[in-house]
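Analysis of the macromolecular model
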Amino acid sequence: MNNIVMPSDKPPEITSTDETSLLVIVLDSNPGQKMLKDNPHILTHCVDSVIAFANCHLMQKSQNKLAIMACHSKASYFIYPGPGKPLDVRQVDGQYEVFTAVEKTTKQNLSKLLSSENSTVVTESLLAGAMAMALCYIARMQRTKPLGAKLNCRILVVTGSGCSASQYMNYMNVFFTAQKQCVVIDVCALDQHLSLLQQGCDITNGLYLKVPQLQGLLQYLLWVFLPEPPVREKLVLPPPVKVDYRAACFCHRELIDIGYVCSVCLSIFCKFSPICTTCHTVFKMPAPLAVKPKKKKIKL
Amino acid sequence: MGDEDDAKEYRWETGYEKTWEAIKEDDEGFLEASVADIIQKAKRKRQALKQGSQKLGMMRHLYLILDCSDSMSSQDLKPTRLLCTLKLLEIFIEEFFDQNPISQIGIIIMHNKRAEKISDLAGNGRKHIKYVNTLNQTSLIGEPSLQNGLEMALSSLKLLPSHASREILVIMGSLTTCDPGDINVTIENLKQEGIRCSIIGLAAEVHVCRYLAKETGGTYNVILDDSHFKDLLFEQVDPPPAAGCLESSLIKMGFPHQINVEGSEEPLTMCMCHVDSTSEGSKLTTGGYYCPQCFSKYCELPVECRACGLTLVSAPHLARSYHHLFPAANYTEINFDKQVALCFACQRQFGESDKQIYECPKCKKNILHRL
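The structure displayed is predicted, hence computed values, not measured ones.

This paragraph deals with unusual backbone geometry. A cis amide bond links Tyr80(A) with the next residue in sequence, Pro81(A), at an omega value of -10°. Within the secondary structure layout, Pro81(A) lies in the loop between strand E3 (76-80) and helix H5 (97-116). That bond from Lys78(B) to Pro79(B) is cis: its omega, -10°, falls within 30 degrees of zero. Secondary-structure assignment places Pro79(B) in the loop between strand E1 (60-67) and helix H4 (81-99). You will see that Asn112(B), though not glycine, has its phi angle at about 50°, which is positive. According to the relative accessible area criterion, Asn112(B) is partly exposed, its value standing at 32%. Despite not being glycine, Lys113(B) shows a phi value in the positive range, around 65°. Mapped onto the secondary structure, Lys113(B) falls in the loop between strand E2 (104-111) and strand E3 (114-122).

Structure follows, in structure tokens:
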């Protein structure tokens, strides 16, 4: 329990008064992901944890800002602050109105989304797209913030689906944009290890955590992801996992140590081939290799 | 430049785009909206040009030739031409390596009729910035020699393999050059080697620069003021289309990764990059990147292995260049007619001031606010 209390009383002494932080949570609610297919009730647990976590973020400082997005297999949507007018919420049981608003809006919009979603076939979620939208939202908030104010922005991705190489380019574009905009990307993996997103965390100085036990999701969120990036270095967090930056070759999708790179399109191959499969450039053969194919022909 | 609609216009008048006619006051008498509109249009025009899969010279080897002659002390750029240039170069080098991670830069200065190499071709941006920062101490004397500068760059670029894109960027403050021989011969040699030479003039147009740029396929521009200077400099950041004689080949590269031996602590080792540097000595550290071929250790990537000559990169370095090669599709511009209330990406409400909005050509439903 110590871990939970610590972060919430730390930030005020470090951040100055005109420094606020914006947290955009990307929640993967694609019903097709394996974890939810096996046991759909997990989603309720995840949503509850995320909402509690979001409220904790708002509790740290009254000016803190929050946005929650739902990410599906075909599109991503903002569920808090949702489209249309903000809900009119009165105080219930003495709870802070904003908390009630977050919980109600999120759940309402999410249930609307889930009831309209009918395909559970696609297991892959458009995480890259969701992160790109989050970056757009952050860019807008940065543009419209009052002069002189400082807005620290970060994105937290909570997902149970895997990351596939088909979105590789999109992921990389998002990561480099985030790095340029000084947006930290944190990733909380619920089910599978996500090597691509892990690279993104490393590029943007975020944290990557694969939750060992889903039951304790809230505690992991509060412990690891609640403290702001500047505070994190002072805390004892799980040690960073060494990121594997080896490239996967385009021909067999295997990680390689030494490879050949096409000078025109930078495609990576594990063996020398005379024609680039990506850009169809014909390469100049190095001398010893040029002899080999001829010999083969004669034998055939 | 403006289209020649009016034949009566003099040649020197057409150079102006008549920007004052394009600016219109809005209802409250402000010009800002109109100016923002012009900037926006220019941005989109530039973006539209980028489309199409051209062959690009990705592995760039660029020599910056900087005029450090007497004329650079002129104060028409604030505080002086040289200081302004150095400040911009600093940003340029950072941006250059950000966009072209597996490229290399070298710096040459021209002063007192001589060329002097400040730094050799290398891929480490921080080192170059350090060198650039020391340049403000140089004494600005004599005349520059364009030929000597070009020859020095040429002798080094000549040795590079044929798949490398070779470029020279000259920043010229002087209107004269004091050369030992016939510069036309040098230009001919550059042309034959396929080295693209671009020049940014700080004073006025000079024929020999125009000729050099034309012959070697580069660009020649003269700056108007410091912001125009910055624009021109940053045009050089995007990789240029590949020169005709550029050969394509497969390049062997290594992708280093940490070596983990089960159950043992990583040994303390020295890195090869600092092993013989005098300013910062090599320290014993754990971790680092090991060359997969000869196991030399380096503390930074990308680097060329000093022991075996293998180029060491990491996957994101290559990925960083992909957006030049496979650019994202452009949005289509449509007139705003209250089709939607909110911007799909940033959730901003569209208002009266939004005349144009943008639509994703792929999914159609996503309508975006001004980018």
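Here the narrative resumes, following the displayed structure.
In this section: the domain arrangement of chain A. Split by domain assignment, chain A resolves into domain 1 (3-9 + 18-232) and domain 2 (246-286). A C-alpha centroid distance of 37 Å is found between domain 1 of chain A and domain 2 of chain A.

All names here are of chain B. Tallied over the entire structure, the rule returns 16 salt bridges over all chains. Two residues, Glu-193 and Arg-166, come together in a salt bridge whose shortest N-O distance is 3.6 Å. Of this pair, Glu-193 sits in helix H7 (residues 183-193) while Arg-166 sits in strand E4 (residues 165-172), and the two are 27 residues apart along the sequence.

We now examine the environment of Gly206(A). Residues and elements named next belong to chain A. Looking at where Gly-206 falls in the secondary structure, it is placed in the loop between helix H8 (195-204) and strand E6 (208-210). Using a relative accessible area of 18% as the deciding quantity, one classes Gly-206 as buried. Expressed as a C-alpha distance, the spacing of Gly-206 and Ile-155, which sit 51 residues apart in the sequence, is 9.0 Å. With sequence-adjacent residues up to four places away left out, Gly-206 is seen in contact with Val-184, Ile-185, Asp-186 and Cys-201.

A word on the sheet that holds strand E7 (residues 250-254) of chain B. The strands that make up a sheet are held in pairs by hydrogen bonds between backbone atoms, and each pair lies either parallel or antiparallel. Spatial strand order, E10(A)-E9(A)-E7(B)-E11(B)-E10(B): five strands in an open sheet with mixed pairing. Each edge of the open sheet is held by one strand with a lone partner, namely strand E10 (268-269) of chain A together with strand E10 (303-304) of chain B. When strand E9 (residues 258-262) of chain A meets E10(A), the two strands line up antiparallel, connected through two bridges. Looking across to E10(A), one finds that Tyr260(A) is bridged to Phe269(A).

All names here are of chain B. Each assigned domain of chain B is listed here: domain 1 (58-235), domain 2 (253-324) and domain 3 (329-371). Centre-to-centre separation of domain 1 and domain 2, based on C-alpha positions: 31 Å. Opposite the eight residues of domain 1 that make contact, domain 2 presents ten residues. At the boundary of domain 1 with domain 2, total buried surface from both sides reaches about 900 Å², with 50% on carbon and sulfur atoms. Our count for the contact surface shared by domain 1 and domain 2 stands at one salt bridge. Between Arg-320 and Asp-98 there is a salt bridge whose closest N-O contact spans 2.9 Å. Between the two partners, domain 1 and domain 2, sit one residue pair in polar contact (both at pLDDT 80 or more). Residue composition of the side of domain 1 that touches domain 2, grouped by class: four nonpolar, two polar and two charged.

UniProt feature "domain: VWFA" (unreviewed entry): in the numbering of this structure it lies at residues 61-237 of chain B. In this annotation, residues 61-237 of chain B is assigned 41% helix and 23% strand; the end-to-end C-alpha distance for the span is 12 Å.

Procedures and definitions
- Residues numbered from 1 in each chain as written.
- Chains lettered and ligands numbered in written order.
- Predicted model: local features only at pLDDT ≥ 70, side-chain atom pairs only at ≥ 80, totals over all residues.
- Heavy atoms only, no water.
- Helix = DSSP H or I, 4+ residues; strand = E, 2+ residues; numbered from the N terminus.
- Buried < 20%, exposed > 50% of the residue type's maximum accessible area, 1.4 Å probe, protein only.
- Domains from an automatic or database assignment.
- Salt bridge = Lys/Arg side-chain N within 4 Å of Asp/Glu carboxyl O.
- Contact = heavy atoms within 4.5 Å.
- Pairing = 2+ DSSP bridges.
- Buried area = accessible area lost by both parts, 1.4 Å probe.
- Polar contact = N/O pair within 3.5 Å; in protein donor to acceptor, adjacent residues only side chain to side chain.
- Nonpolar A, V, L, I, M, F, W, Y, C, P; charged D, E, K, R; others polar.
- UniProt positions renumbered as here; feature names shortened; annotations may be inferred.

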